[in-house]
Amino acid sequence: MQAAIFVASLPLGFLSLLFALPLLFVGIALALVVWGYGERFVALENRGIVEAIGEGWTLVRSEWRPTLTVLLVKIAIAIALAIGLGGFGLVLALPAVGIWVASKPLAILYGILVLGPFVVLTGAYFGTFDSFVWTKVFLRLRAQAYSPAAAATDQASPSTTTPSGPPPPLFE
């Protein structure tokens, strides 16, 4: 009896996974983007943490098209980098296999001296690129808050902590 119930509910479980996994990925991506915008509100506009996350959510809702476009482009770049750098890392790792057969401590040393810096520098490059792109997008989307008209409005209401001045150029 229990086996029949299990077999009968198996398609339902598969369908729920089919719908739940994409929603999980979308939710994680949305949370990361809101958090990223929130970090920029804290760093660039002196907002509190809770307020910054709320402002990040508002920015994502109001500017969802450019945010989604940048997110999809960054995912494509990440995939391309993973394929390219993964292939290069594999080429770097191939000598380690031959060295492993001859001497395990020497292979470990090779991994630390050659593969370690490769992994660290690749992560540092991608992290810097990621932060730069999201900061530029944030500044571009918030350009009205940095315009002279917004500065005049800010002086009229001192409760707002939006900085004034022209928006920075997208590419220098």
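In this text, all values refer to a predicted model and were calculated from it rather than measured experimentally. Sequence order as written defines residue numbering, which begins from 1 separately in each chain. Only residues with pLDDT of 70 or above have their local features reported here, since the model is predicted, and side-chain atom pairs are shown and tallied only from 80 upward, although totals for entire chains, interfaces and linings are computed over all residues. Side-chain figures throughout are based on the complete set of non-hydrogen atoms in the structure, without hydrogens or water.

**Student:** Got a sec to walk through the packing of aromatic side chains? Specific residues and values, please.
**Tutor:** Geometry of aromatic contacts follows a simple scheme: Phe, Tyr and Trp rings, the Trp one being its six-membered ring, pair when their centres are within 6.5 Å, and the pair is stacked under 30 degrees between planes, edge-to-face over 60, tilted otherwise. Taken as a whole and assessed by the stated rule, the structure comprises 5 aromatic pairs. Ring plane angle 55° and centroid distance 5.5 Å describe the contact between F88 and F118, whose orientation is recorded as tilted. Here F88 is found in helix α3 (residues 64–102), whereas its partner F118 is found in helix α4 (residues 104–141), with 30 residues between them in sequence. Partly exposed describes any residue whose relative accessible area lies between the buried limit of under 20% and the exposed limit of over 50%, with all areas from a 1.4 Å probe on protein chains only and scaled to the type maximum. The exposure class assigned to F88 is partly exposed, which follows from its relative accessible area of 45%. Judged by relative accessible area, F118 falls into the buried class, the value being 19%. Between Y125 and F129, the ring centres sit 6.4 Å apart and the planes meet at 15°, which makes this aromatic pair stacked. Placement of both Y125 and F129 in helix α4 is noted, with a separation of 4 residues, approximately one turn of the helix. The secondary structure listing takes helices from DSSP runs of H or I that are at least 4 residues long and strands from runs of E that are at least 2 residues long, numbered from the N terminus.

**Student:** Summarise the packing of α3 against α4; cite the residues concerned and give the values.
**Tutor:** Simply put, an axis is a line fit to the C-alpha atoms, just over the touching stretch for a helix, and the angle between two N-to-C directions goes from 0 to 180 degrees. At a minimum axis distance of 10 Å, the contact between α3 and α4 shows a crossing angle of 170°. With respect to their mutual orientation, α3 and α4 come out roughly antiparallel. Looking at side-chain class alone, the contact of α3 with α4 contains 29 nonpolar, 3 polar and 3 charged residues. Every angle not falling under 35 degrees, over 145, or within 65 to 115 is termed oblique; those three ranges are roughly parallel, roughly antiparallel and roughly perpendicular. Put simply, Ala, Val, Leu, Ile, Met, Phe, Trp, Tyr, Cys and Pro go in the nonpolar bin, Asp, Glu, Lys and Arg in the charged bin, and everything else, Gly too, in the polar bin.

**Student:** Summarise the pattern of salt bridges; cite the residues concerned and give the values.
**Tutor:** Every case where a carboxyl oxygen of Asp or Glu lies within 4 Å of a side-chain nitrogen of Lys or Arg is listed as a salt bridge. Scanning the model with the defined rule gives 6 salt bridges in all. A salt bridge links E39 to R40, with the shortest nitrogen-to-oxygen separation between them at 3.4 Å. Taking relative accessible area as the criterion, R40 reaches 9% and is therefore assigned buried. Across the salt bridge formed by K74 and D130, the nearest N and O atoms sit 2.4 Å from each other. Of this pair, K74 sits in helix α3 while D130 sits in helix α4, and the two are 56 residues apart along the sequence. We classify K74 as buried; its relative accessible area is 8%. Three or more residues joined by partner-sharing salt bridges are found here, namely E45, R47, E51, E55 and R142.

Note that every value here comes from positions in space, so none of it alone points to a role or purpose.
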